[in-house]
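Structure assessment
Here is how the chains run, residue by residue.
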Amino acid sequence: YRAKISLVGSVGDGMAYLVGKEISIKREAVYAIIERLLAGLALSLNVGKNLEPYQLSGLSIKIYTKYYYMSFDEIMYVFDKGAQGGYGKIYNRVDEEIIFTWLEKYDTEERPSVTERVKSEELQKEKEEREERKREETRQEEDKGEKRRPEERREEKRREETRRDERDMGVS
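What this report covers is the structure whose coordinates are included nearby. Residue indices follow the written sequence of each chain, beginning from 1 at its first position. Two thresholds apply to this predicted model, a pLDDT of at least 70 for residue-level local features and 80 or more for giving and counting side-chain atom pairs, whereas whole-chain, interface and lining totals are computed over all residues. Each side-chain value is worked out from all heavy atoms of the structure, with water and hydrogens disregarded.

Structural notes on the overall build of the protein chain
Note the following rule: The helix count covers DSSP runs of H or I at least four residues long, the strand count covers runs of E at least two residues long, and both are numbered beginning at the N terminus. Partly exposed residues are those whose accessible area sits between 20% and 50% of the maximum for their type, while under 20% is buried and over 50% is exposed, using a 1.4 Å probe and protein chains only. The contact rule is simple, with two residues in contact once any of their heavy atoms fall within 4.5 Å. Residue exposure ignores everything except the shown protein chains as possible cover, and the areas themselves are Shrake-Rupley values with a 1.4 Å probe.
Scanning the protein chain for helices and strands turns up 4 helices and 2 strands. Helices and strands in the protein chain line up, N terminus first, as β-β-α-α-α-α. Going through the 172 residues of the protein chain one by one, you find that 24% of them count as buried. Considering only contacts within the protein chain whose residues lie at least 6 apart along the sequence, 55% involve residues at least 24 apart. Entry remark: accessible area of the protein chain is about 12500 Å², with carbon and sulfur atoms responsible for 49%.

Quick word on the packing of helix α1 (residues 27-44) against helix α3 (residues 72-83)
Test applied: An axis is simply a line fitted to the C-alpha atoms; with a helix, the fit covers only the stretch in contact. Between two such axes, the angle follows the N-to-C directions and lies from 0 to 180 degrees. These descriptions rest on fixed angle ranges, namely under 35 degrees for roughly parallel, over 145 for roughly antiparallel, 65 to 115 for roughly perpendicular, and the rest for oblique. Handedness of each helix crossing follows the sense of rotation of the near helix against the far helix: counterclockwise by less than a right angle gives left-handed, clockwise gives right-handed. Only Asp, Glu, Lys and Arg are considered charged, only Ala, Val, Leu, Ile, Met, Phe, Trp, Tyr, Cys and Pro nonpolar, and every remaining residue, Gly among them, polar.
Packing of α1 against α3 brings their axes to within 10 Å, and their N-to-C directions diverge by 15°. Here α3 runs roughly parallel to α1, going by the angle between their axes. Where α1 crosses over α3, the handedness of that crossing is right-handed. Side by side, α1 and α3 meet where V30, I33, I34, L37, L38 and L41 of the first sit next to F72, I75, M76, F79 and A83 of the second. A per-class count over the contact of α1 with α3 returns 11 nonpolar, no polar and no charged.

Notes on the packing of α1 against helix α2 (residues 53-66)
Put simply, α1 and α2 touch, their axes get as near as 8 Å, and they point 115° apart. Here the hand of the crossing between α1 and α2 comes out right-handed. Contacts between α1 and α2 involve R27, V30, Y31, I34, E35, L38 and A39 from the first element and L56, S57, L59, S60, I61, I63 and Y64 from the second.

Observations regarding the side chain of R111
The test is simple: Polar contact criterion, stated in full: a pair of N or O atoms within 3.5 Å, where within protein one must be able to donate a hydrogen and the other to accept it, and residues adjacent in sequence count only if both atoms are side-chain atoms.
Note that R111 resides in helix α4 (residues 96-168). From its side chain, R111 meets the backbone oxygen of Y69 in a polar contact 3.3 Å long. Residues within four places of R111 in sequence aside, it is in contact with Y69, M70, E74 and Y106.

Side note on the nonpolar core
Selection rule: Here, nonpolar core means buried Ala, Val, Leu, Ile, Met, Phe, Trp, Tyr and Cys residues that are tied together by side-chain atoms lying within 4.5 Å of each other.
Ranked by internal contacts, the top residues of the largest apolar core, which has 29 residues, are I34, L38, L51, I63, F79, I99 and W102. When contributions to this core are tallied by element, the ones reaching two or more residues are α1, α2, α3 and α4. With residues up to four places along the chain from it excluded, the contact list for W102 reads L41, V78, F79, G82, A83, Y87, I90 and V94.

So this is what it looks like as structure tokens:
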């Protein structure tokens, strides 16, 4: 499985920081990362009915199974926004139903515009890179042209002299 991630765990957890790198990871590692994100969410909330440690593993598998196309950054965003009440007030409980409600709201309401913006930014970047390559190629051609011009002038002068000599000698 391929995943682009910005941050996994913390140095204290013995996990590495991976910034903007695309890496191959096993499905079990994906589950473990989502489980770690869920554990962080559960610890950050002060509610009466919270996620229990034994629920995290199963929930992480369900999240990955349904939202396999989301990046870890997106999942962290949903958890952070949900914890802050961005998907509705938290009424003294956070459980599987609440988590899936948050993910579904993000997926249907926010993600399409985020995806479009990211695609637009990527297309703009590709366009700028193509234009820069064209400018560089043009510069290289101009550099070659400037280096060849004296040679071309000498060659043209030699041809002109040859034509003149042939004309003077009566050769057609």
